[in-house]
Structure formats: structure tokens, C-alpha cells
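Next come the chains, spelled out residue by residue.
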Amino acid sequence: MKTELDSLATALYVKTDDLLKASRHLMPWRPAVGIAPLLTDAELVTLAMMQAMLGFTSEAKWLRHARSHLRHLFPYLPKQPGYNKRLRKAAELLRRVTRLLATGTSVWSDDVWIVDSTPVECGRSRETVKRSDLAGWAEYGYCASHGRFFWGLRLHMVCTLQGLPIAFALTGAKADERETLLDLLAAEPELVAARPGQTLIGDKNYFGRDFENQVAEQDIWLLRPARKGEPERPGASLFKPLRQVIESVNETFKGQLNLEQHRGRTPGGVIARVMQRILALTAAIWHNDPGQPVLRLGGWRPARVDTMQHKAATAIDTGRD
């Protein structure tokens with residue numbers, strides 16, 4: 001495991017370092033005159049990814065672990081306050097590196113996407129809700145999958161059947177999933193323009209005549225289960241196994257990457273910690289991509305990826321015929 005993780009960390013560091021040398025404007029801003037940081041931006045990105053990958057939700061415990069076990073990779077390690085400040089300022093860099101890794105995989109051009117949202121809980125006590133810096137963004141919401149109310153945000157994700165993140169957004173818990181999806185597609189029109197006839201699989205919440213017309217206008221084929229009172233839709237028999245793929249992606253974020261134990265207390269802190277986890281998942285898929293029959297993160301394996309892709313294609317063909 002150590003050798004594999006070291007290999008991933010080295011590959012990510014080299015990729016990030018090359019990116020920053022070619023595009024120096026992506027580096028977080030710092031004064032032209034001053035002391036250069038001893039931990040480079042490429043090392044910071046690698047350190048952030050490894051923290052999420054190894055499941056450390058406490059930055060202080062993570063840095064203690066790194067000092068004891070990762071000195072061969074990081075000769076210098078900052079203290080927790082410095083690491084926290086650097087990480088929050090590097091959220092945009094984490095996003096850029098995540099996109100660079102994603103576009104370098106063989107599944108980036110996959111013609112089937114899945115879309116869903118999952119809760120990102122930010123607090124439980126009433127005092128937390130009243131005093132938190134997240135108040136006004138975080139709000140009360142309901143998670144139908146787990147039958148519980150929560151206070152926090154929602155992570156909206158468009159990804160491939162292999163779990164590779166394509167587009168994502170953090171919103172309040174009550175944000176409409178359909179509006180968020182349309183905003184995601186509008187924010188990066190080139191994603192859709194480069195994929196005419198893209199298939200998008202969602203749950204029953206992605207419904208509505210106006211919504212579906214707007215999606216269709218972008219040459220996207222929307223597949224979703226029929227709601228109560230609706231006639232059966234194309235590919236209805238395949239939604240249950242495909243739903244398992246969506247849930248496996250969410251479970252990777254929550255079970256293996258501790259999404260809901262992010263410990264963020266400010267908007268910047270939450271964004272950085274969520275980006276850490278999206279980067280970790282993308283980096284694992286990117287690193288395992290060449291010559292691998294099944295893409296995975298640690299012990300997580302999407303159920304019968306090739307079979308799911310074949311079934312999705314069958315449902316599309318059936319619906320269009």
C-alpha cells in the first residue's frame with residue numbers, strides 16, 4: 001500500500017509541478033517580495049490529496065502522521081495554522097488540477113453521465129446553526145435516501161459510470177437539483193458541445209417539461225425513472241442496477257473519503273476540504289487508468305462497469321428506436 005501511495009503521490013506532484021511551470025498564473029497569489037514558501041504549491045496539492053486518501057479528518061493529526069511517516073516525500077511540513085491557510089487559498093488550484101487529471105483519463109470522453117446530489121452535513125446542534133460562519137449558505141434539508149433531516153450543503157455531481165467527476169457544485173441543502181444541473185451545464189458549455197448526443201442518467205427529481213426541454217435543446221438524452229402517474233419510460237428495467245452505480249460513487253465520498261466529517265467551519269474551509277476529496281477520487285482513477293480493466297479507489301470497485309455501460313447503451317438505443 002505504501003509503495004502504491006508513494007507512486008500516486010509522486011505522479012501527482014510531477015503533474016502539478018509541470019502545470020504550474022507552464023501556467024504560473026494558476027499559483028495562489030503572494031507578494032512579489034518576501035520569503036518564498038518552503039512547501040511548494042505542488043507539494044501542498046499532493047499533501048492535501050494524501051490526507052483525504054488516508055482518511056485523516058483532523059489536520060493536526062494528519063501533519064503529525066506526515067512528520068512521522070512521510071518525511072521521504074515532504075522534507076518540510078508546515079504547522080497546522082499555516083497548512084490550513086495555504087489549503088484554503090489553494091481551492092481554485094485544487095479544482096484546476098482535478099480537471100487536468102480528469103481530462104487525462106480514457107473515460108473523460110465517456111458518452112454516458114450520471115447526475116445526483118448528496119448531503120454535506122455541517123452541524124447538528126442549534127448553537128452551531130446560530131453561530132456558524134456557514135449560516136446563510138448552509139440550511140436545513142432532507143435526505144430521502146437516508147430518511148433524515150440535516151443542516152448543511154449539498155454536493156451536486158455529474159460523473160461517468162466509473163465515478164470520474166465531470167462537473168460539480170456546492171449549494172445550500174434546499175437548492176433545486178434541476179436548476180443546479182442547468183447552471184453546471186451553462187457554466188461550461190464546451191463540455192456538452194464536444195459531446196453531441198450525450199446520455200445523462202438521473203433519479204426522479206430530474207423531471208419537468210420545461211427542464212427536460214432545456215436539456216434536450218443541448219442535445220442531451222435524459223434517462224430517469226417514471227414518476228407516479230407517468231407512463232413507463234425507456235430503459236426503466238435498468239435504472240435499479242444503474243442506481244447502484246450512483247450510490248457507490250456517493251458511498252466512496254462518504255465511507256472512504258469521509259465527506260461528512262470534513263470539519264470545515266467557514267465557506268472557504270468547506271470548499272477546500274470538499275475539493276480535497278474530489279481531487280483524491282480523480283487522482284486515484286487517473287493513476288489506475290492505464291491498462292486497468294476496472295477503475296477503482298482502494299477497495300472500491302464500481303459494480304460491473306463494462307456491463308453497466310452496455311446496459312446503458314442498450315437503454316438508449318431502445319428509447320431512440
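Computed from a predicted model, the values in this text were never measured in an experiment. (Residues numbered from 1 in each chain as written. Predicted model: local features only at pLDDT ≥ 70, side-chain atom pairs only at ≥ 80, totals over all residues. Heavy atoms only, no water.)

Another point: the layout of surface pockets. The volume enclosed by the largest pocket comes to roughly 410 Å³. For the largest pocket, the lining is made up of 22 residues, of which Ser117, Ala144, Ser145, Arg154 and Asn205 are closest to its centre. Going through the elements one at a time, β1 (112–123), β2 (139–143) and α10 (239–256) are the ones with two or more residues in the lining of the largest pocket. Here the lining of the largest pocket gets five residues from one element, more than from any other, and that element is α10. Its residues assigned to classes, the lining of the largest pocket shows six nonpolar, six polar and 10 charged. (1 Å grid on protein atoms, 1.4 Å probe; cavity = no way out; pocket = protein on both sides within 12 Å on 5 of 7 lines; lining within 4 Å. Points joined across faces, edges and corners; volume = space filled by probe spheres on them. Helix = DSSP H or I, 4+ residues; strand = E, 2+ residues; numbered from the N terminus. Nonpolar A, V, L, I, M, F, W, Y, C, P; charged D, E, K, R; others polar.)

As a further point, take the packing of aromatic side chains. Per the stated rule, a full pass over the model turns up three aromatic pairs. For the pair Tyr142 and Phe149, a centre-to-centre distance of 4.8 Å together with 55° between the ring planes defines the contact as tilted. Given a relative accessible area of 42%, Tyr142 falls into the partly exposed group. Residue classification places Phe149 among the exposed positions, given a relative accessible area of 66%. When the centroid spacing of 6.3 Å and the interplanar angle of 40° are considered together, the rings of Tyr206 and Phe211 count as tilted. For Arg178, the ring lying beneath its charged end belongs to Phe207, and the centroid distance is 4.5 Å. Seen from the ring of Phe207, Arg227 lies directly overhead, with NZ or CZ sitting 3.7 Å from the centre. (Phe/Tyr/Trp six-rings, centres within 6.5 Å; stacked < 30°, edge-to-face > 60°. Buried < 20%, exposed > 50% of the residue type's maximum accessible area, 1.4 Å probe, protein only. Lys NZ or Arg CZ within 6 Å of the ring centre and 35° of its normal.)

To continue, consider the pairing of β2. When β2 meets strand β3 (residues 148–160), the two strands line up antiparallel, connected through five bridges. Residue pairing across strands places Gly141 opposite Phe150, the latter belonging to β3. Connecting β2 to the antiparallel partner β3 that follows it, the hairpin turn spans four residues, and Gly147 within it adopts a positive phi of roughly 60°. (Pairing = 2+ DSSP bridges.)

Note that Ser132 resides in the loop between α6 (126–131) and β2. By relative accessible area, which is 16% here, Ser132 ends up buried. A polar contact is formed between the side chain of Ser132 and the backbone nitrogen of Leu134, at a distance of 3.0 Å. In contact with Ser132, other than residues within four places in its own chain, are Trp151 and Arg265. (Polar contact = N/O pair within 3.5 Å; in protein donor to acceptor, adjacent residues only side chain to side chain. Contact = heavy atoms within 4.5 Å.)

A contiguous patch of positive charge, built from Lys61, Arg64, Arg263 and Arg265, is present on the exposed surface. Tracing the sequence through the fold places Arg263 in the loop between α10 and α11 (267–288). We classify Arg263 as partly exposed; its relative accessible area is 46%. (Patch = residues over 30% accessible without salt bridge, like charges linked within 9 Å, V, L, I, M, F, W, Y side chains within 5 Å. Areas by Shrake-Rupley, 256 points an atom, 1.4 Å probe, with all protein chains shown as cover. Salt bridge = Lys/Arg side-chain N within 4 Å of Asp/Glu carboxyl O. Lys, Arg positive; Asp, Glu negative; His and termini not counted. Charge placed at Lys NZ, Arg CZ, Asp CG, Glu CD.)

In this section: empty space enclosed by the protein. Summed over the entire model, instances satisfying the criterion amount to two cavities of 30 Å³ or more. Empty space within the largest cavity amounts to approximately 40 Å³. Together, Ile114, Val115, Asp116, Met157, Cys159, Ile246, Val249 and Asn250 line the largest cavity. At the level of elements, β1, β3 and α10 are the ones that each hand at least two residues to the lining of the largest cavity. For the lining of the largest cavity, the per-class residue count stands at six nonpolar, one polar and one charged. Quantified by volume, the second largest cavity comes out at close to 30 Å³. Ranked by the residues each element gives to the lining of the second largest cavity, the list is headed by α11, at three residues.

Every buried residue of helix α4 (residues 80–89) is listed here: Tyr83, Asn84 and Leu87. Taken down its axis, α4 places every buried residue within 100° of arc, on the same side. Exposed residues on α4 whose side chains face more than 90 degrees from its buried face are Lys85 and Lys89. Residues of α4 that are buried sit in contact with α2 (41–53), α3 (59–69), α5 (91–103) and α11. (Arc of directions from axis to C-beta.)

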